[in-house]
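# Fold and geometry: a report
Chain residues, written in single-letter form:
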Amino acid sequence: MTLDVSDDPAGHAAAHILTNIRATLSPDRPFHLAVSGGQTPYPLFRALAAAGLDWSRVHVWQVDERVAPAGDSARNLTLLRQGLDVPAVFHRIPVEHPDAADRYARELEQACGGVLDLVHLGLGDDGHTASLIPGDPVLNVFDVDVATTGPYEGHRRVTLTIPALERSRYAVWLVTGASKSAALARLLAHDRTIPAGRLRLAHSMIYADPAAAGRLG
Ligand code: 6PG
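Residues numbered from 1 in each chain as written. Predicted model: local features only at pLDDT ≥ 70, side-chain atom pairs only at ≥ 80, totals over all residues. Heavy atoms only, no water.

## With respect to the pairing of strand 9 (residues 170-175)
Among the six residues in strand 9, five count as buried, and that is most of the element. Here strand 6 (residues 118-121) runs beside strand 9; their pairing, made up of four bridges, is parallel. Looking at the pairing, Leu121 lines up with Trp173 of strand 9. Pairing between strand 9 and strand 10 (residues 204-208): five bridges, direction parallel. Bridging from a neighbouring strand, Leu174 pairs with Tyr207 of strand 10. (Buried < 20%, exposed > 50% of the residue type's maximum accessible area, 1.4 Å probe, protein only. Helix = DSSP H or I, 4+ residues; strand = E, 2+ residues; numbered from the N terminus. Pairing = 2+ DSSP bridges.)

## Considerations on the pattern of salt bridges
In the structure shown here, the tally under the stated rule is eight salt bridges. A salt bridge links Arg103 to Asp99; the nearest nitrogen and oxygen atoms lie 2.7 Å apart. Judged by relative accessible area, Arg103 falls into the partly exposed class, the value being 35%. Under the relative-accessibility criterion, Asp99 is labelled partly exposed at 29%. With its nearest N and O atoms 2.9 Å apart, the salt bridge here joins Arg186 to Asp191. Here Arg186 falls in the partly exposed class, since its relative accessible area comes to 36%. (Salt bridge = Lys/Arg side-chain N within 4 Å of Asp/Glu carboxyl O.)

## Some details on the packing of helix 1 (residues 9-24) against helix 2 (residues 42-49)
The N-to-C vectors of helix 1 and helix 2 enclose an angle of 45°; their axes lie 8 Å apart at closest approach. One way to sum up the angle between helix 1 and helix 2 is to call them oblique. The hand of the helix 1/helix 2 crossing is right-handed. Counting all contacts with helix 1, which are made through Ala10, Ala13, Ala14, Ile17 and Leu18, the residues of helix 2 involved are Pro43, Leu44, Ala47 and Leu48. Residue composition of the contact of helix 1 with helix 2, grouped by class: nine nonpolar, no polar and no charged. (Axes fitted to C-alpha atoms, helices over the stretch in contact; angles between N-to-C directions. Parallel < 35°, antiparallel > 145°, perpendicular 65-115°, else oblique. Left-handed = near helix turned anticlockwise from the far one by under 90°. Contact = heavy atoms within 4.5 Å. Nonpolar A, V, L, I, M, F, W, Y, C, P; charged D, E, K, R; others polar.)

## Looking at the nonpolar core
With 40 residues, the main nonpolar core has Leu160, Leu165 and Trp173 as its most contacted residues. Mapped by element, the contributors of at least two residues to this core are helix 4 (100-112), strand 6, strand 7 (146-148), strand 8 (157-160), helix 5 (162-166), strand 9, helix 6 (181-188) and strand 10. Discounting residues that sit within four places of it in the chain, Trp173 has contacts with Leu121, Gly122, Leu123, Thr129, Leu187, Ala196, Leu199, Leu201, Ser204, Met205, Ile206 and Tyr207. Formed by 28 residues, the second largest nonpolar core is a distinct cluster that contains Ala13, Leu18, Val58 and Ala88. (Core = buried A, V, L, I, M, F, W, Y, C linked by side-chain atoms within 4.5 Å.)

## A look at the site of the ligand
Neighbouring residues of the ligand: 15 residues in total, closest Gln39, Thr40, His128, Ala130 and Lys180. Within the side chain of Thr40, a nitrogen or oxygen atom sits 2.6 Å from an oxygen atom of the ligand. Within the contact set of the ligand, an oxygen atom lies 2.9 Å away from a side-chain nitrogen or oxygen of Asn76. Its free accessible area being 410 Å², the ligand has 87% of it covered by the protein chains. Residues belonging to the shell around the ligand are distributed by class as follows: two nonpolar, nine polar and four charged. (Near = heavy atom within 4 Å. Polar contact = N/O pair within 3.5 Å; in protein donor to acceptor, adjacent residues only side chain to side chain. Areas by Shrake-Rupley, 256 points an atom, 1.4 Å probe, with all protein chains shown as cover.)

## Concerning the side chain of His120
Among the structural elements, His120 can be located in strand 6. Contact partners of His120, with chain neighbours within four places excluded, come to Ala34, Val35, Ser36, Pro41, Leu44, Val63, Val172 and Leu174.

## Focus: the sheet that holds strand 1 (residues 2-5)
The parallel open sheet is built from seven strands, whose spatial order is 1-10-9-6-2-3-5. Every interior strand has two partners, whereas the edge strands, strand 1 and strand 5 (89-91), have only one. The mean angle between the axes of side-by-side strands here comes to 20°, regardless of whether they run parallel or antiparallel.

## A short note on the sheet that holds strand 4 (residues 64-66)
The antiparallel open sheet is built from three strands, whose spatial order is 4-8-7. Here the strands that pair on one side only, and so sit at the sheet edges, are strand 4 and strand 7. Averaged over neighbouring strand pairs, the angle between their axes works out to 15° when direction is ignored. In terms of strand pairing, strand 7 meets strand 8 through three bridges, oriented antiparallel.

Structure, rendered in structure tokens:
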């Protein structure tokens, strides 16, 4: 796990993701990118959208989604489609269906054998990532790739599970703001008492701003 601290972590993260996509894409080899929700990624989405990439063979997946009506501001898809307004192949989590987790897991298996090329992850102040929420039974789900959480901050969530995230070829974290500094220090210490610290990712890069990296000295 490598840390890159800068005043433009979203731009640095976007550059990493674009380099990875360009190095992997070929006429018969699509790229499978999964992105997280929350507010932090919006500048990342804008930087990716502005890059002039041919998105026609890039599949954009959701890492997680809140169970809320279509178009609701709580939905990660709302900000994703506003920010990443590109002609990619989008795979949204169908939270309107009670069996959304099973449907999405099947779609992921059929499209790429359940192996994502790159997953973008955020970090909550409480050390969650994706919708791997502290104390939620989803932290102990290892037999399926997608699961539904209990209520958290007003919504149940449908999320990629630990095995699905760990199977990704690359992980790019984007962490900004002083409120994340304690969680980031624990993530870097592989502190398993926070959900983010439990992930064992093959190749991961963390892009942070000085405020989030503040406690690292
Ligand atoms: C979600 C996200 C979640 C997010 C963190 C950070 O659905 O909430 O997937 O994992 O990355 O909560 O959120 P912010 O970027 O809003 O701080």
